[in-house]
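As a plain string of letters, each chain reads:
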Amino acid sequence: MKKFLKIIGFIILGFGLIQLIPIDQSQKPIDQKAKFEVVENTPPKIVNLLKNTCYNCHSLETKYPNYASIAPISWVINGHIKEARSQMNFSTWAATNPDLQRSMLQNAIDALEDRSMPKQSYVANHPEANINTAERTLLANYFKKVLDSGTHKLK
Ligand code: HEC
């Protein structure tokens, strides 16, 4: 029993100590002109959908829930966001090279159609990201329209 209490004590202590490791969830400055919705002149309805379903991971406008600051959950969340931003970042759209933009748009269409995005684990905790089939199609069709537009069409 004594040994058991000792182990529990160490676990609690360890949990307390990992909270002291600094994590960076600060809001980075955003170049307003470089944002996807500004560059592409995205209709407000689509912007709303994107904000609810993708921007928490794929932009610099991440809104962290309270539990996101508790280690080790915070490490997992920060890792996800870092990876998501490296694959597609709606906040730095203007600074993204045109070939990459095209492949991101195509991947986004595929991800919406095969339902791999938004991630299921995320939707479970964010009901606003639980988009229905019509909204999914709306987003995919919008990305297709952007892909076919003058700026992104292959010459
Ligand atoms: C919970 C965070 C999260 C949300 C929300 C999210 N993504 Fe992702 N996304 C990721 C991560 C992490 C990756 C990196 C690869 C992986 O884990 O699948 C990724 C990868 C991608 C990729 C590149 C890889 C691929 O699948 O082709 C695209 C495109 C993408 N996401 C689009 C979207 C779109 C569009 C939305 C909104 C409809 C969205 N994501 C919502 C976290 C997220």
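Residues numbered from 1 in each chain as written. Predicted model: local features only at pLDDT ≥ 70, side-chain atom pairs only at ≥ 80, totals over all residues. Heavy atoms only, no water.

> Would you mind showing me how to read the nonpolar core here?
Buried together is how nonpolar side chains tend to be arranged in soluble globular proteins. Of all hydrophobic cores here, the largest spans 21 residues; its most connected members are F36, L50, F90, L105, L139 and F143. Counting residues per element, the ones that place at least two in this core are α3 (44-53), α6 (98-113) and α8 (133-148). Tallying contributions element by element places α8 first for this core, with six residues. Each residue touching L50, except ones within four places of it in the same chain, is listed here: F36, Y55, F90, L139 and F143. (Core = buried A, V, L, I, M, F, W, Y, C linked by side-chain atoms within 4.5 Å. Buried < 20%, exposed > 50% of the residue type's maximum accessible area, 1.4 Å probe, protein only. Helix = DSSP H or I, 4+ residues; strand = E, 2+ residues; numbered from the N terminus. Contact = heavy atoms within 4.5 Å.)

> Got a minute to help me understand the coordination of the iron atom of the ligand in this structure?
Each pair of donors in an ideal four-coordinate tetrahedral metal site encloses 109.5 degrees, whereas pairs in an ideal six-coordinate octahedral site enclose 90 or 180 degrees. H58 (NE2) and M117 (SD) make up the full set of protein donors to the iron atom of the ligand, lying at 2.0 to 2.3 Å. Each of the six donor atoms around the iron atom of the ligand contributes to a set of angles spanning 83 to 177°, which defines the coordination as octahedral. You can see H58 sitting in helix α4 (residues 55-58) and its partner M117 sitting in the loop between α6 and α7 (120-125), a full 59 residues away along the chain. (Donors = N, O, S within 2.8 Å, 3.2 Å for Na, K, Ca; no water. Tetrahedral: all angles 85-135°; square planar, octahedral: opposite > 155°, others 65-115°.)

> Would you mind showing me how to read helix α5 (residues 73-87) here?
Because an α-helix completes one turn every 3.6 residues, residues spaced three or four positions apart along the sequence face the same direction. With 15 residues, α5 should cover 21 Å at 1.5 Å per step; its first-to-last C-alpha distance of 21 Å lies within 8% of that length. Within the span of α5, buried status applies to S74, I77, N78, I81 and A84. Projected down its long axis, α5 carries its buried residues within an arc of 130°, all on one side. For α5, the exposed residues set more than 90 degrees away from the buried face come down to V76, K82, S86 and Q87. (Expected span 1.5 Å × (residues − 1). Arc of directions from axis to C-beta.)

> When you look at the site of the ligand in this model, what are you seeing that I'm missing?
Taken together, 15 residues sit near the ligand, with C54, C57, H58, M117 and K119 positioned nearest. Within the side chain of H58, one N or O atom sits 2.8 Å away from a nitrogen atom of the ligand. Taking K119, its side chain carries an N or O atom lying 3.0 Å from an oxygen atom of the ligand. Elements with a contribution of two residues or more to the shell around the ligand: α4, α5 and α6. With four residues, α5 is the largest single contributor of residues to the shell around the ligand. Broken down by class, the residue content of the shell around the ligand amounts to eight nonpolar, five polar and two charged. (Near = heavy atom within 4 Å. Polar contact = N/O pair within 3.5 Å; in protein donor to acceptor, adjacent residues only side chain to side chain. Nonpolar A, V, L, I, M, F, W, Y, C, P; charged D, E, K, R; others polar.)

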